[in-house]
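Given next are the chains, with one letter for each unit.
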Amino acid sequence: MIQFLNLIRWKNLLMIALVQILVKYALLLPFVDSHGLTTALKPFDFAILILATLLIAAGGYIINDIYDVETDHINRPDKVIINKYISEEKALMAFIILNVIGVGLGFYLSDGLGKSGLASVFVLASALLYIYSSYLKRLFLVGNIAISLVVALSILLVGIFEVLPSLAPSNRVVQITFFEIILDYAIFAIMINMIRELIKDIEDIDGDHQSGMQTLPIVLGRDRANYVAIGFATIALFSVVYYVITYLFKLPLVVAYFLVFIVAPLIYIILKLLNAKHKAHYVHISLILKLVMLTGMLSLLLYNFILK
């Protein structure tokens, strides 16, 4: 059982669920009465949304490991699960079952809202995760962009299913405002995940090279890829600073949170990248990026102060 939980990256799944819960209960629900916001999902339906998201994400992790068996034996042999603890056949069956149930729940949810077309989002996510694992991740930057978009989609799903179905001429401004906030967080997730994907590619350059992949560090070399990662981290840093100055500058405590828990770690990451040479350095940077993603999403708890 523990090996299956590791295969589906249970810690990452908890992070996805936490972010979706924060978007609904920290950003949206507190303002339903005070700001005239309208949400579409009851608690049970919202639980279905989370479950569908987690099942498709878990399937994505499984299919990724199936296609990465050879490279993982080189890059991280101690973490190989496929054909060591769980056969490839059983893993593939689990991938199919998880996706069928996840997409099925998506159809159930969409039909309940009277918006059957929204189910296509789950189909798209499922297909994109498969195509990413089987093909896109081998291509120069394309795979990095694709998986970052899927990560962002897990956040946007809450806006798509909670905010957009309730859109009406009478509440359009409020609904769009809150959807744009969710979109801002999705863009933040894209930037942070993009950096982390580049770091992981630099970490895994040896195994990826032997598997014939054309990732950024293989095409440009480790040093140039490092500079590209620094570039993306710098863009993320200035984007967060711009956001703080534009929207939060009159709230000292909120500004302090962003400076301490998001801006400062991004500066630290850039400085560490300037001197990164060994795999252990990149593993450390990848961990810090995970923490930045977490603290960034936890800032949703501050919107009770921001939108007073």
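Residues numbered from 1 in each chain as written. Predicted model: local features only at pLDDT ≥ 70, side-chain atom pairs only at ≥ 80, totals over all residues. Heavy atoms only, no water.

J.: Please explain the overall build of the protein as it appears in this structure.
T.: If you tally the helices and strands in the protein, you get 14 helices and 0 strands. For the protein, the α and β elements follow one another from N to C terminus as α-α-α-α-α-α-α-α-α-α-α-α-α-α. Radius of gyration (C-alpha) of the protein: 20 Å, near the 19 Å computed for a compact globule of 308 residues. Taking the principal axes of its C-alpha atoms as reference, the protein extends roughly 60 × 45 × 30 Å. Residue burial in the protein is summarised as follows: out of 308 residues, 50% are buried. Long-range contacts, defined as pairs at least 24 residues apart, comprise 76% of the intrachain contacts of the protein with a sequence gap of at least 6. For the protein, the distance from the average site of its 22 positive side-chain charges to the average site of its 20 negative ones is 6 Å. (Helix = DSSP H or I, 4+ residues; strand = E, 2+ residues; numbered from the N terminus. Rg over C-alpha atoms; globule rule 2.2 N^0.38 Å. Buried < 20%, exposed > 50% of the residue type's maximum accessible area, 1.4 Å probe, protein only. Contact = heavy atoms within 4.5 Å. Lys, Arg positive; Asp, Glu negative; His and termini not counted. Charge placed at Lys NZ, Arg CZ, Asp CG, Glu CD.)

J.: I'm lost on the layout of surface pockets in this one. Help?
T.: To find leftover empty space, a probe the size of one water molecule is rolled over the atoms. Roughly 210 Å³ of internal volume is contained in the second largest pocket. Listing elements by their share of the lining of the second largest pocket, those giving two or more residues are α8 (172-203), α11 (222-248) and α12 (252-275). Counting residues per element, the lining of the second largest pocket draws most heavily on α8, at 5 residues. When grouped by side-chain class, the residues that make up the lining of the second largest pocket number 8 nonpolar, 3 polar and 1 charged. (1 Å grid on protein atoms, 1.4 Å probe; cavity = no way out; pocket = protein on both sides within 12 Å on 5 of 7 lines; lining within 4 Å. Points joined across faces, edges and corners; volume = space filled by probe spheres on them. Nonpolar A, V, L, I, M, F, W, Y, C, P; charged D, E, K, R; others polar.)

J.: Would you mind going over the pattern of salt bridges with me for this structure?
T.: A side chain with one charge may pair with a side chain of the opposite charge, provided their charged atoms come close. One pass over the structure, following the stated rule, counts 4 salt bridges. Two residues, R9 and D65, come together in a salt bridge whose shortest N-O distance is 2.8 Å. Taken together, the positions of R9 in the loop between α1 (2-7) and α2 (10-28) and D65 in helix α3 (residues 43-67) put the pair 56 residues apart, joining distant regions of the chain. Overall, the relative accessible area of 26% leaves R9 in the partly exposed class. D65 sits in the buried class, given a relative accessible area of 7%. (Salt bridge = Lys/Arg side-chain N within 4 Å of Asp/Glu carboxyl O.)

J.: I would appreciate a short explanation of helix α13 (residues 279-298) in the present structure.
T.: Residues three or four positions apart in an α-helix share a direction because the helix packs 3.6 residues into each turn. The first and last C-alpha atoms of α13 sit 29 Å apart over 20 residues, in line with the 28 Å expected at 1.5 Å per residue. All of the buried residues in α13 are Y282, I285, S286, I288, L289, V292, M293, T295, G296 and M297. Elements in contact with the buried residues of α13: α2, α7 (142-162), α8, α11 and α12. (Expected span 1.5 Å × (residues − 1).)

J.: Looking at this model, I keep getting lost on α11. Mind explaining?
T.: Its 27 residues give α11 an end-to-end C-alpha distance of 38 Å, which sits within 8% of 39 Å, the value for a rise of 1.5 Å per residue. All buried positions along α11 are accounted for by A225, N226, A229, I230, A233, A236, L237, V240, Y243, V244 and L248. Looking at the buried positions of α11, the neighbouring elements they touch are α8, α10 (216-220), α12, α13 and α14 (303-306).

J.: Can you walk me through the packing of α2 against α13 in this structure?
T.: Pairs of packed helices are described in terms of their axes, by the angle between the two and the distance that separates them. Across the interface, α2 lies against α13 with an axial gap of 10 Å and an inter-helix angle of 20°. For the element pair α2 / α13, the angle class is roughly parallel. The crossing of α2 and α13 is left-handed. Residues N12, M15, L18, V19 and L22 of α2 touch α13, and the partners they reach there are K290, M293, L294, M297 and L298. Counted by class, the contact of α2 with α13 contains 8 nonpolar, 1 polar and 1 charged residues. (Axes fitted to C-alpha atoms, helices over the stretch in contact; angles between N-to-C directions. Parallel < 35°, antiparallel > 145°, perpendicular 65-115°, else oblique. Left-handed = near helix turned anticlockwise from the far one by under 90°.)

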